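Working through the structure, step by step
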Amino acid sequence: MIRAGAEDDLPAVGELHFRSRLTAYSGFIPVDDLTAMPANAMVDYWVERWRYEKDNYQLTVAEAGGVVVGFTYLGPDEEPDTGILNAIHVDPDRLGSGVGKLLMRDALAKLAASGWRRAVLWVLTGNARARHFYERGGWAPEGVERDEHIGSALVRQMRYARPLP
């Protein structure tokens, strides 16, 4: 079941985000950097972020058996007529199950319903699995890159974009 996320979901979102990053990034980011923000700190991050962004951003969760198994986080981008998919994470035990595809379809529909004509997202260049997932879904790299830190690791991100219906 996919539904709007609520404040009560934030602990599960933070814990899932921690597990998802650890699984997705451990092949190219040192584990010490990935665990520099432990699960409880990731929960605190989402609680704080939600406090300031809940009026302009949409949290959506995928639930199975009453357990959060994935989520997306959408909002306005800095560019006009553009929405951003800030996050899409799936429980590592559910990868390949279709949860990510369902969340992506829902996110694209919500971005379009918000009136944006274009959507963007940032992905780590080393995350080949995610890049392949996005490309299969009609996203394309724009040639724009930036560096961010995860722990003390400096990682390169690239921006993907796609038109919205």
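Higher on the page you've got the structure.
Residues numbered from 1 in each chain as written. Predicted model: local features only at pLDDT ≥ 70, side-chain atom pairs only at ≥ 80, totals over all residues. Heavy atoms only, no water.

**A short note on the side chain of aspartate 9**
Mapped onto the fold, aspartate 9 is located in the loop between strand S1 (2-4) and helix H1 (10-25). Accessibility expressed as a relative area gives 8% for aspartate 9, which makes it buried. Side-chain polar atoms of aspartate 9 contact the side chain of arginine 3, separated by 2.7 Å. Those residues within four positions of aspartate 9 in sequence are excluded, and the remaining contacts are Arg3, Ala4, Val61 and Val68. (Helix = DSSP H or I, 4+ residues; strand = E, 2+ residues; numbered from the N terminus. Buried < 20%, exposed > 50% of the residue type's maximum accessible area, 1.4 Å probe, protein only. Polar contact = N/O pair within 3.5 Å; in protein donor to acceptor, adjacent residues only side chain to side chain. Contact = heavy atoms within 4.5 Å.)

**Quick look at the sheet that holds S1**
For sheets, the rule is that strands pair by backbone hydrogen bonds, running either parallel or antiparallel. The mixed open sheet is built from seven strands, whose spatial order is S1-S2-S3-S4-S5-S7-S6. Only two strands of the sheet have a single neighbouring strand rather than two, namely S1 and strand S6 (140-150). Taken pair by pair, the neighbouring strands of this sheet meet at an average axis angle of 30°, ignoring direction. (Pairing = 2+ DSSP bridges. Axes fitted to C-alpha atoms, helices over the stretch in contact; angles between N-to-C directions.)

**Topic: unusual backbone geometry**
The backbone of aspartate 81 shows a phi angle near 60°, a positive value even though the residue is not glycine. With respect to the helices, strands and loops of the structure, aspartate 81 is situated in the loop between strand S3 (67-76) and strand S4 (82-90). Aspartate 81 gets classed as partly exposed once you look at its relative accessible area, which sits at 38%.

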